[in-house]
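Chain residues, written in single-letter form:
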Amino acid sequence: MSAVKLLTVTSLTVGIRRSGALATTIVNDISFDIASGERFGIVGESGSGKSLTLRAIAGLLPKGVEVLSGSIVYDGRELVGMPEAERRRLMGPEIAMIFQEPMTALNPVLRVGEQIAEGPRRYLGLSKKSAMKLAIEMMAKTGIPDPARRARAYPHELSGGLRQRIMIAMAVSCGPRLLLCDEPTTA
């Protein structure tokens, strides 16, 4: 018996258009399936399009970069062309992403505990107090020493390794079914 496919990417091509014409293809015709509970990795040289493939799945492509063709089906729903508001509702509770560089992904003016608690408040309907308790639990699960104290820190007050663990805690705080890791992690 085969596992149920959670994600199916078919003939995905990502690139940049200039004046309506194709200027550069970055990801060319990639296809793969990921079953529920499966771990899957994309390997390639720096600049080969691994991060942009993940960002296409998450709907977080940089300005000017777009899915040129292909299909991304998550749990039976086509993501390519899905309205942005509907796509945003999937991010957090269904699909989460751990970004490669936490210092650019974390908000520098918010304490890290608040940033972890934001998803559970928004998507799980937790109170501020319950969400902060969950944030501290997630920090402990990712191996952050003294998580209650560190939850009150700003990103710049933490080492790069701790910031990466904060990103992991944020990503898993809502219990997503699909976790996209933009670099190898221990998640």
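Further up the page is the structure itself.
Criteria and thresholds
- Residues numbered from 1 in each chain as written.
- Predicted model: local features only at pLDDT ≥ 70, side-chain atom pairs only at ≥ 80, totals over all residues.
- Heavy atoms only, no water.
- Helix = DSSP H or I, 4+ residues; strand = E, 2+ residues; numbered from the N terminus.
- Contact = heavy atoms within 4.5 Å.
- Polar contact = N/O pair within 3.5 Å; in protein donor to acceptor, adjacent residues only side chain to side chain.
- Core = buried A, V, L, I, M, F, W, Y, C linked by side-chain atoms within 4.5 Å.
- Buried < 20%, exposed > 50% of the residue type's maximum accessible area, 1.4 Å probe, protein only.
- Salt bridge = Lys/Arg side-chain N within 4 Å of Asp/Glu carboxyl O.
- Expected span 1.5 Å × (residues − 1).
- Phe/Tyr/Trp six-rings, centres within 6.5 Å; stacked < 30°, edge-to-face > 60°.
- Disulfide = S-S within 2.5 Å.

*Asks:* What am I meant to see in the environment of threonine 8 here?
*Replies:* Assignment of secondary structure puts threonine 8 in strand 1 (residues 5-18). Between the C-alpha atom of threonine 8 and that of isoleucine 72, which follows or precedes it by 64 residues, the distance is 5.9 Å. Once residues lying within four places of it in the same chain are set aside, the contact partners of threonine 8 are Phe32, Asp33, Ser71, Ile72 and Val73. At a separation of 3.0 Å, a polar atom in the side chain of threonine 8 contacts the side chain of aspartate 33.

*Asks:* So what exactly am I meant to see when it comes to the nonpolar core here?
*Replies:* Of all hydrophobic cores here, the largest spans 47 residues; its most connected members are Leu7, Ile57, Ile72, Tyr74, Ile166, Leu178 and Leu180. The residues touching isoleucine 57, leaving out its near neighbours within four places in the chain, are Leu7, Val9, Phe32, Ile72, Leu79, Arg87, Leu178 and Leu180.

*Asks:* Just checking my understanding: could you explain the pattern of salt bridges for this structure?
*Replies:* Two side chains carrying opposite charge are able to pair once their charged atoms lie near each other. For the structure on display, the rule yields 10 salt bridges. Taking the shortest distance from any N to any O, the salt bridge between arginine 77 and glutamate 94 comes out at 4.0 Å. Taken together, the positions of arginine 77 in strand 4 (residues 77-78) and glutamate 94 in the loop between helix 2 (84-90) and strand 5 (95-98) put the pair 17 residues apart, joining distant regions of the chain. Judged by its relative accessible area of 31%, arginine 77 is partly exposed. One salt bridge connects glutamate 137 with lysine 133, and the closest N-O pair in it is separated by 3.8 Å.

*Asks:* Sorry if this is basic, but what is going on with helix 7 (residues 160-172) here?
*Replies:* Working note: α-helix, 3.6 residues per turn, so residues spaced by three or four point in the same direction. Between its terminal C-alpha atoms helix 7 stretches 19 Å, which fits the 18 Å expected from 13 residues at 1.5 Å a residue. Leu162, Arg163, Gln164, Ile166, Met167, Ile168, Ala169 and Ala171 are the residues of helix 7 that are buried. Looking at the buried side of helix 7, the elements it contacts are strand 5, helix 3 (102-105), helix 4 (112-124), helix 5 (128-141), helix 6 (147-150) and strand 6 (178-181).

*Asks:* Would you mind going over the packing of aromatic side chains with me for this structure?
*Replies:* Two aromatic rings, taken as a pair, are described by how far apart their centres are and by the angle between their planes. The full count for this structure, using the stated rule, is one aromatic pair. For the ring pair phenylalanine 32 and phenylalanine 40, a centre distance of 4.8 Å and an interplane angle of 20° mean the geometry is stacked. For phenylalanine 32, a relative accessible area of 9% translates into the label buried. You can call phenylalanine 40 partly exposed: its relative accessible area is 39%.

*Asks:* When you look at the environment of valine 9 in this model, what are you seeing that I'm missing?
*Replies:* On the secondary structure map, valine 9 appears in strand 1. Once the C-alpha coordinates of valine 9 and leucine 178 are considered, the two residues, 169 residues apart in sequence, prove to be 13 Å apart. The contact partners of valine 9, leaving out residues within four places of it in the chain, are Ile30, Ser31, Phe32, Ile57, Ser71 and Ile72.

*Asks:* How do you make sense of the state of the cysteines when you look at a structure like this?
*Replies:* Note: disulfide means a covalent bond formed between the sulfur atoms of two cysteine side chains. As enumerated under the stated definition, the model contains zero disulfides in all. Not engaged in a disulfide, the cysteine cysteine 174 finds its nearest cysteine sulfur in cysteine 181; these two sulfurs lie 16 Å apart. Residue class for cysteine 174 comes out buried when judged on its relative accessible area of 10%. When its relative accessible area of 30% is taken as the criterion, cysteine 181 is described as partly exposed.

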